[in-house]
Amino acid sequence: MTATRPLLGCVADDFTGATDLANNLVRAGMRTIQTIGVPDGPLDVNVDAVVVALKSRTIAPAEAVAQSLAALHWLLDAGVQQVYFKYCSTFDSTAEGNIGPVIDALLDAMNEDFTIACPAFPENQRTVFKGHLFVGEQLLGDSPMRHHPLTPMTDANLVRVLQPQTRRKVGLVPYDVVARGSAAIVERCAALRADGVGIAVLDAISNDDLMKIGPALAGMRLVTAGSGIAIGLPQNWQATGELGTDVPTDALPLASGWRAVISGSCSSATNAQVTQFVAAGGPAFAIDPLALASDGDVVGDVLRWARPLLPKGPLLVYATAAPEAVATVQAKLGAQRAGALVEEALARIASGLVERGVRVLVVAGGETSGAVVQALGIRQLAIGPQIAPGVPWTSARSPVGGGATLHVALKSGNFGGPDFFMQAFDMLEGPR
Ligand code: ADP
């Protein structure tokens, strides 16, 4: 089958961030598919948007540029009208900074000289005012993001953060302009451009603002943003009739097969979710990272434990632990080695469970999700309905389990309420 041309092509700099963006596009009316890395060939599905998930946030800038350009060329070949470079809503970038170099390279490759930058995602408490990024009530530099191990963010002023990363001049479209609406935003962008600005940071503090910004971006070939700006874009194609207004966007095949949760996130939200599942009497196997470092067959033990339980309902396999327990393990094994051992074990367990008939899988943790999806050989995720902000159900084919269709929810650590796991399963209907 030859697929129709997608309207929007996205390059996302990390994995669960790609799912978050795809989720917003689906909710705003676009049929969306997420690919794991740059696909080998053309798409064989009809979608309105494609999100190519890279893992380029913290790698060397030259490598991030090369991967982003490969994604860009694939998207342009697929015929997209607009390209969206997606980064984190906390504008995570290393000291060297990948956001500026990637924007420069994408603009150059597209022969464009102007774009916007806006990480605002008001629904998730990320707002931009006078060029300053707020996380909830706090300026970015006062938020816990200042302690992030890989991308510490100590300055909330986005113009100041971005300027040293790019050879283009960075400017600002301030809130009073955004509040006046699309025409005022277009006019200010034109004025900034005439003034030699190549990247304009946009203020936005509410979904209303995002809906005003959207029309101002119609025809802008490159947009750079967090996932929030996506909410305002589909209306542009609905206005031209290229995108329907009543097409079901989040329909997934009916779920069937056994269900499991694999959790390798140690965030406080995931700790609460694991505690709740166990307290409700759900069958659960706790992985001890120290046991993984010794000679035993932990993966085999888990799969033998799971087999008779699977027909009875969802089960949980977790390495999730409180900060003190994680610190103890890391002191003995080293943080890197502990993380790698756990990820590898959880990925093998996920594969083993799918081989034994699990078809519905919730995975908690960004890195953990990457490891599991890789082990399952998944190349594309169709995006379904939202379970919690930032986390949709998806469906995917996996060569593990003979090409069966799986339902997969990839939850980045801090997303979801305490009952997320059961909430996710309850949303799916159909025989098990
Ligand atoms: P999050 O989305 O919460 O950051 P990730 O999966 O991205 O979750 O990261 C969690 C990391 O911690 C993974 O590398 C995982 O393997 C590791 N990990 C999980 N459990 C433990 C544990 N008990 N001790 C040490 N490291 C762990």
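Residues numbered from 1 in each chain as written. Predicted model: local features only at pLDDT ≥ 70, side-chain atom pairs only at ≥ 80, totals over all residues. Heavy atoms only, no water.

**A look at the domain arrangement of the chain**
For the record, the criterion: Segmentation into domains, and thus their bounds, comes from an automatic or database assignment. By definition, residues are in contact when any of their heavy atoms lie within 4.5 Å. Two parts placed together each lose some accessible area under a 1.4 Å probe, and the buried area is that loss summed for both. Any carboxyl oxygen of Asp or Glu within 4 Å of a side-chain nitrogen of Lys or Arg constitutes a salt bridge here. Two N or O atoms count as a polar contact when they lie within 3.5 Å, although within protein this holds only if one can serve as hydrogen donor and the other as acceptor, and sequence-adjacent residues are included solely when both atoms are side-chain atoms. Secondary structure counts use DSSP, requiring at least four H or I residues in a row for a helix and at least two E residues in a row for a strand, with both numbered from the N terminus.
Domain annotation for the chain reports domain 1 (8-240) and domain 2 (258-427). Summarising the inter-unit geometry, the C-alpha centres of domain 1 and domain 2 are found 30 Å apart. Across the contact, 18 residues belong to domain 1 and 20 residues belong to domain 2. Interface area lost by domain 1 to domain 2 is led by Thr16, Asn23 and Ile36, which between them contribute 30%. Scanning the region where domain 1 abuts domain 2 turns up two salt bridges. A salt bridge links aspartate 40 to arginine 379; the nearest nitrogen and oxygen atoms lie 3.7 Å apart. Between domain 1 and domain 2 we count six residue pairs in polar contact (both at pLDDT 80 or more) in total. Of all the secondary structure elements, the ones that give two or more residues to the side of domain 1 that touches domain 2 are α1 (15-27) and β2 (32-36). It is α1 that provides the largest number of residues to the side of domain 1 that touches domain 2, a total of eight residues.

**Side note on unusual backbone geometry**
Going by this rule: Only protein chains enter the accessibility calculation, which uses a 1.4 Å probe. A residue is then buried if its area is under 20% of the maximum for its type, exposed if over 50%, and partly exposed in between.
Residue glutamine 125 is not a glycine yet carries a positive backbone phi of 65 degrees. Topologically, glutamine 125 is positioned in the loop between β5 (115-118) and β6 (126-129). Take glutamine 125: its relative accessible area is 47%, and that puts it in the partly exposed class. Located in the positive-phi region is lysine 130, a residue other than glycine, with phi close to 50 degrees. The topology assignment puts lysine 130 in the loop between β6 and β7 (132-135).

**Here we look at the packing of helix α6 (residues 182-194) against helix α7 (residues 207-216)**
Just so we agree on the cut-off: Every axis in this analysis is a line fitted to C-alpha atoms, fitted for helices over the stretch in contact. Angles between the N-to-C directions lie between 0 and 180 degrees. When describing relative orientation, an angle under 35 degrees is termed roughly parallel and one over 145 degrees roughly antiparallel, while 65 to 115 degrees is termed roughly perpendicular and anything else oblique. Should the near helix be turned anticlockwise from the far one by less than a right angle, the crossing is termed left-handed; should it be turned clockwise, right-handed. Amino acids are sorted into nonpolar (Ala, Val, Leu, Ile, Met, Phe, Trp, Tyr, Cys and Pro), charged (Asp, Glu, Lys and Arg) and polar (every other residue, Gly among them).
It is at 8 Å that the axes of α6 and α7 come closest, and there the two elements cross at 55 degrees. Judged on the interaxial angle alone, α7 and α6 are oblique. Read as a crossing pair, α6 and α7 show a hand that is right-handed. Only Lys212, Ile213, Pro215 and Ala216 of α7 make contact with α6, whose side of the interface consists of Ser182, Ile185 and Val186. When the residues that make up the contact of α6 with α7 are grouped by side-chain class, the tally is five nonpolar, one polar and one charged.

**Thoughts on the environment of phenylalanine 15**
Among the secondary structure elements, phenylalanine 15 is positioned in helix α1. Sequence separation between phenylalanine 15 and glycine 37 is 22 residues, and the spatial gap between their C-alpha atoms is 9.3 Å. Ignoring sequence-local partners within four residues, the contact set of phenylalanine 15 consists of Gln34, Ile36, Ala53, Leu54, Ser369, Val373 and Leu410.

**Quick word on the layout of surface pockets**
As a reminder of what qualifies: In this analysis a 1.4 Å probe is tested at points of a 1 Å grid over the protein atoms alone, and where it fits but cannot get out there is a cavity; an open set with protein on both sides within 12 Å along at least five of seven lines is a pocket; lining residues have an atom within 4 Å of a point. Grid points are joined across faces, edges and corners, and a volume is the space filled by probe spheres set on the points.
Here the second largest pocket defines a volume of roughly 740 Å³. Forming the boundary of the second largest pocket are 27 residues, of which Ile33, Asp44, Val45, Gln380 and Ala382 lie nearest the centre. For the lining of the second largest pocket, the secondary structure elements donating two or more residues are β2, β16 (380-388) and β17 (391-397). Split by residue class, the lining of the second largest pocket holds 13 nonpolar, eight polar and six charged. Looking at the lining of the second largest pocket, you find at least three residues from each of domain 1 (8-240) and domain 2 (258-427).

**What to know about the state of the cysteines**
Counted only if it meets this: Criterion for a disulfide: a pair of cysteine sulfur atoms at a distance within 2.5 Å.
Here the structure, examined in full by the defined rule, presents zero disulfides. Cysteine 88 provides the cysteine sulfur closest to cysteine 266, a residue in no disulfide bond, and the two sulfurs are 19 Å apart.

**Thoughts on the sheet that holds strand β8 (residues 138-139)**
Strand pairing in a sheet relies on backbone hydrogen bonds, with the paired strands running either antiparallel or parallel. Definition in use: Strand pairing is defined by DSSP finding a minimum of two bridges between the two strands.
Taken in spatial order, the three strands of this open sheet run β6-β7-β8, and their pairing is antiparallel. The outermost strands of the open sheet, each flanked by one partner alone, are β6 and β8. As defined by bridge partners, β7 adjoins β8 across two bridges and the pair is classed as antiparallel. Considered in β8, the bridge of valine 135 is made with glutamine 138.

**A short note on the site of the ligand**
Put simply, the test is: One heavy atom suffices: a residue is near a molecule or strand as soon as one of its heavy atoms comes within 4 Å of it. The Shrake-Rupley method, run with a 1.4 Å probe sphere, supplies the accessible areas, and residue values consider only the shown protein chains as cover.
The ligand sits among 18 residues. The nearest are Ser265, Glu343, Gly366, Glu367 and Thr368. At 3.0 Å, a backbone N or O of glycine 339 approaches an oxygen atom of the ligand. A distance of 2.9 Å is found between an oxygen atom of the ligand and a backbone nitrogen or oxygen belonging to glycine 366. Within the complex, 81% of the 570 Å² of free accessible area of the ligand lies under protein. Broken down by secondary-structure element, the contributors of at least two residues to the shell around the ligand are α12 (323-333), α13 (335-355) and α14 (366-375). Per-element tally for the shell around the ligand: the top contributor is α13, with four residues. Residue composition of the shell around the ligand, by class: eight nonpolar, eight polar and two charged.

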